[in-house]
Amino acid sequence: MGPEPLNGADGLQLTVLGCSGSYAGPGGACSGYLLRCDATTIWLDAGSGTLANLQRHVELDAVDAVVLSHEHPDHWTDLEGFFVACRYVQDRSGVPVYAPKGLRDLMRMGPTEGTFTWQDIGDGGRIEIGPMTLRFSRTDHPPETLAVRVEAGGRSLGYSADSGPGWSLAALGPGLHLALCEATFLQDGEGTVPHLSARQAGATARAAGAERLLLTHLWPTIDPDAARAEAASSFAGPVEVASLHQSYPV
């Protein structure tokens, strides 16, 4: 089974596998996305619940590479189940996994080399996977956390990963067609933990000159309509809240 058509559009596409912030809400999943362009599929972040959801869109052997933003569990732990499937069920080898240095040491399944080919990424790094070019920027979030700009076919996506307000989407460069930005809580939560509110997500998307804003990483207790309204108060372009299994042309 190959990738299904996405809203009838060609080019770079984003599909949401999980968008709950920090922990999954009822029936939800933590951070994870599919990036697809032409025949190439990237799994971007692999939070809990995303492995199961991924299989509603593509077969596991269709994943050409995995890219992980940082080592907090809600962004990577389904990689362990993917490893089991690759090694013991599919007999795959050499699957590229791009992650900040040290994340591989957190794997609890024993040595993963051979099945996975680990490649360290860091601030200012650039990689190419099929037709997609990815550039990374370290955010305001511990531990080392990497936002990413993805370009393909003349379109550009900026993904904030997790960040506090000390970093801006503008660090990913101008001309973002779609900003996928965390909006963990509302304005009254600002300054409590190193994350962005919906208001701050709108402000950083505005500073970056993004065309459209897609909010993600909302805590399950946050009202999506309130988050959308708050982001719209500081960003003049179209604002949506990420929806599980929804696909968005970039």
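Attention here is on the structure that accompanies the text. Fair warning: this is a prediction, and the values are worked out from it, not measured in the lab. The residue numbering used here restarts from 1 in each chain and proceeds along that chain's sequence as written. Local features are withheld for residues below a pLDDT of 70 in this predicted model, meaning they are given only at 70 or higher, and side-chain atom pairs are given and counted only at 80 or more; totals for whole chains, interfaces and linings count all residues. For the side-chain quantities, the full set of heavy atoms in the structure was used; hydrogens and water were omitted.

### Quick word on the overall build of the protein
(1) Moving on: Only DSSP runs of H or I reaching four residues or more are called helices, and only runs of E reaching two or more are called strands; each is numbered from the N terminus. Of regular secondary structure, the protein possesses four helices and 14 strands.
(2) Moving on: For 250 residues, the compact-globule formula gives about 18 Å, and the C-alpha radius of gyration of the protein, at 17 Å, lands near that figure.
(3) Moving on: C-alpha extents for the protein along the principal axes are approximately 50 × 40 × 35 Å.
(4) Moving on: Relative accessibility decides the category of a residue: with a 1.4 Å probe and only protein chains considered, values under 20% of the type maximum give buried, values over 50% give exposed, and everything between is partly exposed. Per-residue burial over the protein gives 56% buried out of 250 residues.
(5) Moving on: For this analysis, residues touch if any pair of their heavy atoms sits within 4.5 Å. Residue pairs in contact within the protein that sit at least 24 positions apart in sequence constitute 56% of those at least 6 positions apart.
(6) Moving on: A total of about 9,700 Å² of accessible surface is found on the protein, and carbon and sulfur atoms cover 50% of it.
(7) Moving on: Positive charge is attributed to Lys and Arg, negative charge to Asp and Glu, and no charge count is given to His or to the chain ends. The atoms used to mark charge sites are NZ of Lys, CZ of Arg, CG of Asp and CD of Glu. Taking the average location of the 16 positive side-chain charges in the protein and that of its 29 negative ones, the two points are 4 Å from each other. Atoms counted for the radius of gyration: C-alpha only. Globule rule: 2.2 Å times residue count to the power 0.38. Calculation of accessible area relied on Shrake-Rupley with a 1.4 Å probe; when residues are assessed, cover is drawn exclusively from the protein chains displayed.

### Details of the sheet that holds strand 7 (residues 126-129)
(1) Moving on: Pairing between two strands requires that DSSP report at least two bridges joining them. Spatially, 7-8-9-10-11-12-13 is the arrangement adopted by the seven strands of the open sheet, whose pairing is mixed. The open sheet terminates on both sides in strands that have one partner only, identified here as strand 7 and strand 13 (239-241). Averaged over all neighbouring strand pairs, the angle between strand axes comes to 20°, with direction disregarded.
(2) Moving on: Note on geometry: axes are lines fitted to C-alpha atoms, helical ones only across the stretch in contact, with angles between N-to-C directions running from 0 to 180 degrees. Its contacts with the sheet place helix 4 (residues 224-232) against strand 12 (212-216) and strand 13, and it is angled at close to 155° to strand 13.

### Focus: the pairing of strand 8 (residues 132-138)
(1) Moving on: Among the seven residues of strand 8, five are classified as buried, and the element is accordingly described as predominantly covered.
(2) Moving on: In terms of strand pairing, strand 7 meets strand 8 through four bridges, oriented antiparallel. Paired with E128 across the bridge in strand 8 is T133.
(3) Moving on: Where strand 8 and strand 9 (residues 146-152) come together, six bridges link them in antiparallel fashion. Bridge assignment links R135 to a residue of strand 9, and that residue is R149.

### Description of unusual backbone geometry
(1) Moving on: For the peptide bond that leads from P142 to P143, omega is -5°, which places it in the cis range.
(2) Moving on: Phi angles above zero are rare outside glycine, and A161 is one such case at about 55°.
(3) Moving on: By secondary structure assignment, the location of A161 is in the loop between strand 10 (155-159) and strand 11 (178-182).
(4) Moving on: According to the relative accessible area criterion, A161 is buried, its value standing at 1%.
(5) Moving on: One non-glycine residue, H245, lies in positive phi territory at about 75°.
(6) Moving on: Relative to the elements of secondary structure, H245 occurs in the loop between strand 13 and strand 14 (247-249).

### Describing the packing of helix 3 (residues 198-207) against helix 4
(1) Moving on: Here helix 3 crosses helix 4 at 40°, and the two axes come no closer than 7 Å. The angle between the axes of helix 3 and helix 4 places the two elements in the oblique class. When you trace helix 3 past helix 4, the crossing you get is right-handed. Across from A198, R199 and G202 in helix 3, the residues of helix 4 making contact are A227, E230 and A231.
(2) Moving on: Polar here means any residue other than Ala, Val, Leu, Ile, Met, Phe, Trp, Tyr, Cys and Pro, which are nonpolar, and Asp, Glu, Lys and Arg, which are charged; Gly is therefore polar. Residues belonging to the contact of helix 3 with helix 4 are distributed by class as follows: three nonpolar, one polar and two charged. Here roughly perpendicular refers to angles of 65 to 115 degrees, roughly parallel to angles under 35, roughly antiparallel to angles over 145, and oblique to all remaining angles. Handedness of each helix crossing follows the sense of rotation of the near helix against the far helix: counterclockwise by less than a right angle gives left-handed, clockwise gives right-handed.

### Some thoughts on the pattern of salt bridges
(1) Moving on: A carboxyl oxygen of Asp or Glu within 4 Å of a side-chain nitrogen of Lys or Arg is what we treat as a salt bridge. Applying the stated rule across the entire model yields eight salt bridges.
(2) Moving on: Residue E80 pairs with R108 through a salt bridge whose shortest N-O separation is 2.5 Å. Taken as a pair, E80 in helix 2 (residues 79-89) and R108 in the loop between strand 5 (95-100) and strand 6 (116-121) lie far apart in primary sequence, 28 residues in all.
(3) Moving on: For E80, a relative accessible area of 7% puts it in the buried group.
(4) Moving on: R108 gets classed as exposed once you look at its relative accessible area, which sits at 64%.
(5) Moving on: One network of salt bridges, with partners in common, ties together R104, E113 and D120.

### Structural notes on helix 2
(1) Moving on: Of the positions making up helix 2, those classed as buried are L79, E80, F82, F83, A85 and C86.
(2) Moving on: Residues of helix 2 that are buried make contact with strand 3 (40-46), helix 1 (50-54), strand 4 (65-67), strand 5 and strand 6.
(3) Moving on: Trailing helix 2 by a residue or two, D91 shows a phi angle of about 55°, which is positive.

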